[in-house]
Amino acid sequence: MDNRTIAAIATPLSPGGIGIIRISGPNALNVLKKLFVRKNKSKKEAYKSHQVYYGHIKEKESQEIIDEVLAIYMAGPHSYTKEDVVEIQSHSGFILLEKLLNAVLSCGVEIANPGEFTLNAFLNGRIDLSQAEAITDLINAPSKTAAKIASRQMSGEIYKEIKGLIKIVDQIRAVCEASIEFEESDNLDVFPIENAIKKELLPKIRVLIQAQKNKAIFIEGLSLAIVGSPNVGKSSLLNRLAEKEIAIVSEIPGTTRDVVREYMTIKGIPVMLCDTAGLHDTDDPIESIGIKKANQQIEEAELLVFVMDASRKMNEFEKEVLSNIKEKPTIVVLNKIDISDVKAKQSIKEEIVGFASIEVSAKDGTGIKDLEKLIFSKFVKGDVETANSTISPNLRQRKLLEKVQSVLLQRLDNKEQIELITEDLAVTRDLLGKIIGEEADSDLYDNIFNQFCVGK
């Protein structure tokens, strides 16, 4: 750690009700004393930590008033970075905030790098690496469920879980080393050590790996394409799911000629809904482009909603399309059940055996909630509360856990001298340490903290 005092604008550069300049480091309070004029307070009166002061920020040289502000001094270690921190709360706006920041920088302060405040919080021991990652996950959360998952990680639950695993590894290593010290290692019975790895360590690691896989959908989201023939109600279904008028709805076939996208959440899952052009044979060059884009969307989407008109039988083109997408996760939606034909509907059901299906009316909303549940169940086992009930690592942490699992399984499959088990346990401990930042890795830190915005 160096003794830099850093500063940055901590709020978006746009007109708004408030803007914040954050300063952190050994000279933070001195900067405040140079620029801030307290209202109705003596200059000699000491600043108290965690108290709000009202006054004005002035230019260092000209003493020209820049803005009327509130200032807060937070003495380390009781601050975000565990250093002395000053926050200046002003009116917002690009020009004003830049002027305030320049005044601060004129006092010998350096501009902060992306994520440097949080990096300092980590390096000073206020948070561990998993908590730092959770902060950016929370900021970028695409849904309420993703935000809840990140919030749990910020409380240090991953840290506690990994420290528990490290404790088990250390205990097993201690047994190994004691056995090597007091017995002939070639004649040792390694079964108790194997048993501890199999029954105490590996099961906990597997649970964490699976938790990340289960919850990835809440963070990464889902790409869903609504496909089908012209005039089966694809655009109406998009509007109904999005709960607003996104796509043009018309009785004229072929109204949608491009991919229409809308972002929403379905039971906590961020979803990109894509309404596509109707799939059919055509000589119209514009429609052909739309159909080409629809086919491309079919390839890229993680889930297809294939819409059928329940008032008529399937045509041969629809049967061909259905045959071509049978390997892709697909839900067949029988739309227009408010005007459905019994024989036509039965005929369709005979053709879609093996596909998940549901009956809806995009016109009046019948079956839409059940469709959302079906979409959810395609990717999540259990309900939202079950999916949100366990600790979940992020992808980087999962990859490290998978390496740990691989090292241990490989050793158990190739049992030799106990010294080799001890060496693999040392590797295991180092990998676990990287999850919470116990093992220093400047490249890793740069990769993580550069994802933060300046000012965080």
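Anyway, here's the lowdown on the structure attached to this text. Every value quoted in this text rests on a predicted model; they were computed, and no experiment measured them.

### A short note on the sheet that holds strand β1 (residues 6–9)
As a general point, the strands of a sheet are linked pairwise by backbone hydrogen bonds and lie either parallel or antiparallel. Read across the open sheet, the seven strands follow the order β3-β4-β5-β6-β2-β1-β7; overall the sheet is mixed. Edge positions in the sheet fall to β3 (36–38) and β7 (110–111), since each of these pairs with one other strand and no more. As defined by bridge partners, β1 adjoins β7 across two bridges and the pair is classed as parallel. Residue pairing across strands places A7 opposite I111, the latter belonging to β7. The strands that helix α1 (residues 28–35) touches are β2 (19–24), β3, β4 (51–58), β5 (65–74) and β6 (85–90); relative to β3, the one it contacts most, it runs at about 70°.

### Focus on the packing of helix α4 (residues 129–139) against helix α16 (residues 442–449)
Here α4 crosses α16 at 25°, and the two axes come no closer than 10 Å. Considered as vectors, α4 and α16 are oriented roughly parallel to each other. Each of L129, A132 and E133 in α4 lies in contact with α16, whose residues at this interface are L444, Y445, I448 and F449. In terms of residue class, the contact of α4 with α16 is made up of six nonpolar, no polar and one charged.

### Details of the sheet that holds strand β9 (residues 260–266)
Pairing is mixed across the open sheet formed by six strands, whose spatial order is β9-β10-β8-β11-β12-β13. The open sheet terminates on both sides in strands that have one partner only, identified here as β9 and β13 (356–359). Geometrically, the sheet is characterised by an average inter-axis angle of 25° between neighbouring strands, direction not taken into account. In this structure, β9 lies alongside strand β10 (residues 269–275), joined through seven bridges in antiparallel fashion. Paired with R261 across the two strands is C274, which belongs to β10. Here helix α11 (residues 342–351) sits on the sheet in contact with β11 (303–309), β12 (330–335) and β13, set at roughly 170° to β12.

### Here's the deal with the pattern of salt bridges
All chains considered together, the criterion is met by 17 salt bridges. Note that R312 and E318 form a salt bridge whose closest N and O atoms lie 2.9 Å from each other. Residue R312 is classed as partly exposed on the basis of its relative accessible area, which comes to 27%. Each of K163, D170, R429 and E438 takes part in a single network of salt bridges with overlapping partners.

### Here's the deal with the packing of α4 against helix α5 (residues 144–154)
Between α4 and α5, whose axes approach to 8 Å, the crossing angle comes to 155°. Taken together, the axes of α4 and α5 are roughly antiparallel relative to one another. Considering the relative orientation of α4 and α5, their crossing is left-handed. Facing α4, whose interface residues are Q131, A134, I135, D137 and L138, α5 presents A147, A150, S151, Q153 and M154. Among the residues forming the contact of α4 with α5, the class breakdown is six nonpolar, three polar and one charged.

### Some words on the nonpolar core
The tendency in soluble globular proteins is for nonpolar side chains to be buried side by side. Of all hydrophobic cores here, the largest spans 29 residues; its most connected members are I226, L237 and L371. Elements with a minimum of two residues in this core: α7 (191–220), β8 (222–228), α8 (234–242), β9, β10, β11, β12 and α12 (368–379). Of the residues forming this core, the biggest block, five residues, is contributed by α12. If we skip the residues at most four places from it in the chain, L237 touches I226, V305, V307, V333, V360, A362, I368 and L371.

Thresholds, definitions, all that
Residues numbered from 1 in each chain as written. Predicted model: local features only at pLDDT ≥ 70, side-chain atom pairs only at ≥ 80, totals over all residues. Heavy atoms only, no water. Pairing = 2+ DSSP bridges. Helix = DSSP H or I, 4+ residues; strand = E, 2+ residues; numbered from the N terminus. Contact = heavy atoms within 4.5 Å. Axes fitted to C-alpha atoms, helices over the stretch in contact; angles between N-to-C directions. Parallel < 35°, antiparallel > 145°, perpendicular 65-115°, else oblique. Nonpolar A, V, L, I, M, F, W, Y, C, P; charged D, E, K, R; others polar. Salt bridge = Lys/Arg side-chain N within 4 Å of Asp/Glu carboxyl O. Buried < 20%, exposed > 50% of the residue type's maximum accessible area, 1.4 Å probe, protein only. Left-handed = near helix turned anticlockwise from the far one by under 90°. Core = buried A, V, L, I, M, F, W, Y, C linked by side-chain atoms within 4.5 Å.

Don't take any of this as a statement about function, it's just geometry.
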